[in-house]
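Observations on the three-dimensional arrangement
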Amino acid sequence: MNRENESAITLSRDVDEQQVRTMTRRSLLLGAVGIGAAAYAVRWIGTQETNNGVPWFLRRCLQMNEKLARSYFRGYHQAPEFDESLISERTNGDIGLSGDIDETTHVVRVVGLHDMTGAIKADDTTEPAIEINMARIKALPRRTIVTELKCIEGWSIVVKWTGARLIDLAEQLGPATISGNKPDVLNSAHDILPYVALETPDGTYYVGLDTQSALHPQTLLCYEMNNKPLADEHGAPVRLVIPVKYGVKHIKRIGVIRFTASRPKDYWAEQGYDWYAGL
Amino acid sequence: MPKLTPKHTLAIRWFHWINFPVLMLMIWSGLLIYWANDIYSIRFGSHQLIKLFPEWLYHPHELKNSDGDVVRSAYFHLDHRLALGMAWHFFLMWLFALNGAAYVLYTAISGEWRLLVPGRHTIAEAIQVVLHDLKIRKDPLPARKFNGAQQIAYTMVVLMGACSLITGAAIYKPTQIALLTTALGGYKTARFIHFWLTMGYVGFLVMHITQVVRAGWSNFAAMITGFEVSASSKGAGGASE
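Residues numbered from 1 in each chain as written. Chains lettered and ligands numbered in written order. Predicted model: local features only at pLDDT ≥ 70, side-chain atom pairs only at ≥ 80, totals over all residues. Heavy atoms only, no water.

Focus on the domain arrangement of chain A
The domain boundaries assigned to chain A delineate domain 1 (13-47) and domain 2 (67-271). Averaged C-alpha coordinates put domain 1 of chain A and domain 2 of chain A at centres separated by 55 Å. (Domains from an automatic or database assignment.)

Printed below as a string of structure tokens:
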């Protein structure tokens, strides 16, 4: 204990009672104003007009956090891998999975490529897209990772995922670029259109991703889970696995992949969640 | 003539009163998040004593209106608000971290840490303080700003704050800072520690408020005004929080 310091803090002085009363009153008044201001601020934030299900002030904060996260995001930062003995299974979420699906006829429609020659219009309501069947996805280099799926609800499980890297597909197809030049996914990824949108075939579930995360080396177009072909409830025939994001971004039954210049809509971001949802 | 004894500096008072509502709101928004996966409980062997949390806690203000419909208070509505909880939590975390860092920096530079950090005799003194408070011992408390029990409690709660930030970061960005998450024993363990630290704050708060009430108005007012007033010229001593 430092005696000098202690005596400095407890140094007393004589004052008259009137002075004490004034000082106390002034302080307590300031305190009361402070409580009022804090309560008002909290109420103000909470009652602001909502931006996709969350008060706009808080949405702005999420966006600022995103900006910060993206400034230090490094593609070589990988999600830890685990021993296969730790794997388990849990089913959560079936939006976009209604109706039967046939793996042999299923196609993933890819939009926003540099060269759209050969694009097909599925019907009157859709835009021309390059159709990729499952055989083509499975012909890409096969990758397996054992990572921890983190649900935004708070639970997490270790899962073994097998599939093709989205970056490998992108490299093969060549996404459209900002400059309009021929794409080079590996050497000038920053020139690729900044966002990727994915949708289920029926369009009822959709996620938006930053291209950086979508082309992360651990981002897979997954067709096998825990050593078995992907089950219907897990998004057969092909789902996204993206360990740099919460589970909500792991869209099941991919119908559309779109490289795009504008920020895509996102199912859960519309319900008040962070659009970025990066881990 | 009354004697005016300076007690808490202006900076300390600001740190304290900024931290209080921020921590309350962090606990509240944390509860909104925890609701979505409320897996912890207090167990004795394989027997569950208390589920954390019992259902009633999430909607204590469930009332019925004249038509018999359930109406919920907007303020105490803690279920189905995960998104809102996360949004608040990820805004307030900055205030909590900045205020906490400023406080630690201030106590380090001003030398006030010497009054707070426990020393060699702290534990023995803390035991005396507890015995005194339980009215087992009659000896007066040390006439210092913080006695041993307070030193332990206040140093502990600052360390808990730091641990909350560290475990919070580990579950906020478990890929970008995977090394930290792994060092803490993984995502699940970090979440577990983060949760129990919060329970620790609740425990601290109960004790702290009890002691503040016991110590009386003058001690409480000093946290706002900064000074304590005593009638005698012997100075303020005695129990203080």
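Observations concerning the packing of helix H1 (residues 10-35) of chain B against helix H3 (residues 82-110) of chain B
Residues and elements named next belong to chain B. Packing of H1 against H3 leaves a shortest axis separation of 8 Å and a crossing angle of 155°. The orientation of H1 relative to H3 falls into the category roughly antiparallel. Between H1 and H3 lies a crossing whose hand is left-handed. Residues that form the contact of H1 with H3 fall into these classes: 22 nonpolar, seven polar and no charged. (Axes fitted to C-alpha atoms, helices over the stretch in contact; angles between N-to-C directions. Helix = DSSP H or I, 4+ residues; strand = E, 2+ residues; numbered from the N terminus. Parallel < 35°, antiparallel > 145°, perpendicular 65-115°, else oblique. Left-handed = near helix turned anticlockwise from the far one by under 90°. Nonpolar A, V, L, I, M, F, W, Y, C, P; charged D, E, K, R; others polar.)

Considering unusual backbone geometry
In this model, A:Ala236 is joined to A:Pro237 through a cis peptide bond whose omega is 5°. Residue position: A:Pro237 is located in the loop between strand S11 (228-229) and strand S12 (239-241). Cis geometry is found at the peptide bond from B:Leu52 to B:Phe53, where omega equals 0°. With respect to the helices and strands, B:Phe53 occurs in the loop between strand S3 (47-51) and helix H2 (55-58). Residues other than glycine seldom take positive phi values, yet A:Ala277 does so here, at roughly 50°. Positionally, A:Ala277 belongs in the segment after strand S13 (256-260).

Focus on the sheet that holds strand S1 (residues 13-14) of chain A
Spatially, three strands are ordered S1(A)-S1(B)-S6(B) in an open sheet, and the strand pairing comes out antiparallel. Each edge of the open sheet is held by one strand with a lone partner, namely S1 of chain A together with strand S6 (227-230) of chain B. Direction of pairing for strand S1 (residues 3-6) of chain B relative to S6(B): antiparallel, over a ladder of four bridges. Within S6(B), the residue paired with B:Pro6 across the bridge is B:Phe227. (Pairing = 2+ DSSP bridges.)

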